[in-house]
Amino acid sequence: MKIIIATSGASGVNLGLKTLKLLPKEIDKHFIMTKNSEIVLDKENNLTTHDNEDISASIASGSFGTDSMIIAPCSMNTLAKIACGISDNLVTRCASVMIKEQKKLIIAPREMPFSAIALENMQKLATLGVIIAPPVMAYYSEQQTLDEMENFIIGKWFDLLGIENNLYKRWE
């Protein structure tokens, strides 16, 4: 399986990085960060990534054979570009390829509350088969720490992609 993890300029970049870190080793992983995401992350970590301006990167082609993509967090700007078919950077180009190739694309918008425009963009993408999965907790898994809350959210994303995990307590 090949998967792309992308982060755009919303708070919560570490959630995207943790998702990347928790993926099983046998999965071929590719990572993209927007410039704004890099600014947020630069204060916390040091990471080498695909250049978001390099729309000729291998992962920008449908023939590369990526199986799925997660954009976590996804800014409202990136969401709007994807909904309108704008592919002006590597994140939006890869998302466009995922949609045209009918591959799994999970978008985790990190905004609250959602505006009517954002909801309209999410509805448009959901109609196209994009999975809208914001980082929302459920309380049945009895998370006690931020780490456990993040594991729950990432575990749910992995469930959507068919990636086995035991990151959270399941409903009994």
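So, how was this worked out
Residues numbered from 1 in each chain as written. Predicted model: local features only at pLDDT ≥ 70, side-chain atom pairs only at ≥ 80, totals over all residues. Heavy atoms only, no water. Buried < 20%, exposed > 50% of the residue type's maximum accessible area, 1.4 Å probe, protein only. Helix = DSSP H or I, 4+ residues; strand = E, 2+ residues; numbered from the N terminus. Pairing = 2+ DSSP bridges. Salt bridge = Lys/Arg side-chain N within 4 Å of Asp/Glu carboxyl O. Phe/Tyr/Trp six-rings, centres within 6.5 Å; stacked < 30°, edge-to-face > 60°. Core = buried A, V, L, I, M, F, W, Y, C linked by side-chain atoms within 4.5 Å. Contact = heavy atoms within 4.5 Å.

Re the pairing of strand β1 (residues 2–7)
Counted residue by residue, β1 has five buried out of six residues, so it is predominantly covered. Where β1 meets strand β2 (residues 28–33), six bridges bridge the pair, whose relative direction is parallel. Bridge pairing in β2 places Thr7 opposite Met33. In terms of strand pairing, β1 meets strand β4 (residues 68–74) through four bridges, oriented parallel. Opposite Ile4, over in β4, you have Met69 as the bridge partner.

Focus: the pattern of salt bridges
One pass over the full model with this rule turns up six salt bridges. Lys18 is the salt-bridge partner of Asp147, the closest N and O atoms lying 2.3 Å from each other. A residue pair is termed long-range when its members are at least 10 positions apart, and Asp147 in helix α6 (residues 146–161) and Lys18 in helix α1 (residues 13–22) qualify at 129 residues. Across the pair Asp88 and Lys81 runs a salt bridge, and its minimum N-O distance is 2.9 Å. Residue Lys81 is classed as buried on the basis of its relative accessible area, which comes to 17%.

Structural notes on the packing of aromatic side chains
Aromatic ring pairs are described here by two measures, namely the spacing of the ring centres and the angle between the planes. Taken as a whole, this structure holds three aromatic pairs when the rule is applied. Both rings, one in Tyr140 and one in Trp171, keep their centres 5.3 Å apart while their planes meet at 85°; by these two values the pair is edge-to-face. Taken together, the residues span a long stretch of sequence, with Tyr140 in the loop between β6 (131–132) and α6 and Trp171 in the segment after α6 at a distance of 31 residues. Taking relative accessible area as the criterion, Trp171 reaches 68% and is therefore assigned exposed.

Some points on the nonpolar core
Among the nonpolar cores identified, the biggest contains 25 residues, and Ile3, Ile5, Leu23, Ile70 and Trp157 are the most heavily contacted of them. Secondary structure elements with two or more residues in this core: β1, α1, β2, β4, β5 (104–109) and α6. The contact partners of Ile5, leaving out residues within four places of it in the chain, are Gly16, Thr19, Leu20, Leu23, His30, Phe31, Ile32 and Ile70. Formed by 24 residues, the second largest nonpolar core is a distinct cluster that contains Ile59, Val91, Ala118 and Met122.

Brief notes about unusual backbone geometry
Excluding glycine, a negative phi dihedral is what most residues carry, and trans is how most peptide bonds are arranged. Residue Ala72 is joined to Pro73 through a cis peptide bond whose omega torsion reads 0°. Within the element layout of this structure, Pro73 appears in strand β4. Across the junction of Met112 and Pro113, the peptide omega takes the value 0°, indicating a cis bond. Among the secondary structure elements, Pro113 is positioned in the loop between β5 and α5 (116–127). Here the phi dihedral of Gln102 falls at roughly 55°; this positive angle occurs in a residue that is not glycine. Located in the positive-phi region is Glu142, a residue other than glycine, with phi close to 55°. With respect to the helices, strands and loops of the structure, Glu142 is situated in the loop between β6 and α6. Judged by relative accessible area, which is 48%, Glu142 ranks as partly exposed.

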